[in-house]
Amino acid sequence: MIYGIALILLSLLAVPSLILSKRPDAKDVLAKIAPYQGWIGVVFCFWGLWGIIAAVLNLGLLTSAPIWWITWLASSVVEAILGFMLGYNLINKYVLSKSEEGAKKGEELLAKLAPMQGKVGLVGLCLGVWTIIASLLFMG
C-alpha cells in the first residue's frame, strides 16, 4: 500500500498541470514543494530501482501471486522513471557528472523520457490506485 500512496504523490508532482486544472488554489502548495522536487525525485528513483531489484529477487511470487508481482514490478518501474525525470538535475550533478559518457547517456535518456512525463505521470496515478487496491486484495 505504501508503494501505491508514494506513487500517487510522485505522479501528482510529475503532472502539476493536471492538479492546477482541477484545483487552481494548489499553485501555492506546488510552489512550496518545487525546491525539494529534485531531492524527492532522487529518493523515488532509488526507491523504484530498489523495488525492481526486490521484485526480481522475489521472482518466486510470480507463481503464487502473479498479479501482485506484476503490479509490484510495474509500479517500481514507473516510480524509478518518474523519480529519474524529477531528480535528473541532482542525479546529473552528483552521479553522472563524474563521467562524460554517463552524463551524455543520462541526457539522451532524459530527452527520450521528458516528452512522456505527463503520460507517465497519469499512468503512475492509475497504477498507484491499482497498487493500493491490489495490496488490499492480494496481500491483505
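Everything numeric in this text was worked out from a predicted model, so none of it was measured.

Reading the values: rules and limits
- Residues numbered from 1 in each chain as written.
- Predicted model: local features only at pLDDT ≥ 70, side-chain atom pairs only at ≥ 80, totals over all residues.
- Heavy atoms only, no water.
- Helix = DSSP H or I, 4+ residues; strand = E, 2+ residues; numbered from the N terminus.
- Rg over C-alpha atoms; globule rule 2.2 N^0.38 Å.
- Contact = heavy atoms within 4.5 Å.
- Lys, Arg positive; Asp, Glu negative; His and termini not counted.
- Charge placed at Lys NZ, Arg CZ, Asp CG, Glu CD.
- Axes fitted to C-alpha atoms, helices over the stretch in contact; angles between N-to-C directions.
- Left-handed = near helix turned anticlockwise from the far one by under 90°.
- Nonpolar A, V, L, I, M, F, W, Y, C, P; charged D, E, K, R; others polar.
- Phe/Tyr/Trp six-rings, centres within 6.5 Å; stacked < 30°, edge-to-face > 60°.
- Buried < 20%, exposed > 50% of the residue type's maximum accessible area, 1.4 Å probe, protein only.
- Parallel < 35°, antiparallel > 145°, perpendicular 65-115°, else oblique.

Visitor: How do you make sense of the overall build of the protein when you look at a structure like this?
Guide: Counting its secondary structure elements, the protein contains eight helices and zero strands. Along the protein, helices (α) and strands (β) appear in the sequence α-α-α-α-α-α-α-α when read from the amino end. Its C-alpha radius of gyration of 16 Å places the protein within 12% of the 14 Å reference for a compact globule of 140 residues. Reported as C-alpha extents along the three principal axes, the dimensions of the protein are approximately 40 × 40 × 20 Å. Across the protein, contacts joining residues at least 24 apart in sequence account for 77% of those joining residues at least 6 apart. The average position of the 10 basic charges and that of the 7 acidic charges among the side chains of the protein differ by 5 Å.

Visitor: Is there a simple way to explain the packing of helix H1 (residues 2–14) against helix H6 (residues 66–94) in this structure?
Guide: Working note: a packed helix pair is described by the angle between its axes plus the distance between those axes. It is the contact of H1 with H6, at a shortest axis distance of 10 Å, that shows an interaxial angle of 35 degrees. For the pair H1 and H6, the sense of crossing is left-handed. Across from Tyr3, Ala6, Leu7, Leu10, Ser11, Leu13 and Ala14 in H1, the residues of H6 making contact are Trp72, Ser75, Ser76, Val78, Glu79, Leu82, Gly83 and Leu86. Among the residues making up the contact of H1 with H6, the classes are represented as ten nonpolar, four polar and one charged.

Visitor: Can you walk me through the packing of aromatic side chains in this structure?
Guide: Any two aromatic rings considered together are summarised by their centre-to-centre distance and by the angle between their planes. Overall, the coordinates contain three aromatic pairs when judged by the stated rule. Between the aromatic rings of Tyr3 and Trp47, the centroid separation amounts to 5.2 Å while the plane-to-plane angle is 35 degrees, which identifies the pairing as tilted. Placement of Tyr3 in helix H1 and of Trp47 in helix H4 (residues 37–57) is noted, with a sequence separation of 44 residues between them. The exposure class of Tyr3 is buried, given its relative accessible area of 18%. Judged by relative accessible area, which is 28%, Trp47 ranks as partly exposed. Three or more aromatic residues joined by ring pairs make a cluster, and in this case those are Tyr3, Phe44 and Trp47.

Visitor: I'm lost on the packing of H1 against helix H8 (residues 117–139) in this one. Help?
Guide: It is the contact of H1 with H8, at a shortest axis distance of 8 Å, that shows an interaxial angle of 160 degrees. Classed by the angle they form, the pair H1 and H8 counts as roughly antiparallel. The handedness of the crossing between H1 and H8 comes out as left-handed. Counting all contacts with H1, which are made through Tyr3, Gly4, Ile5, Leu7, Ile8, Ser11, Leu12 and Ala14, the residues of H8 involved are Gln117, Gly121, Gly124, Leu125, Leu127, Gly128, Val129, Thr131 and Ile132. Residue composition of the contact of H1 with H8, grouped by class: ten nonpolar, seven polar and no charged.

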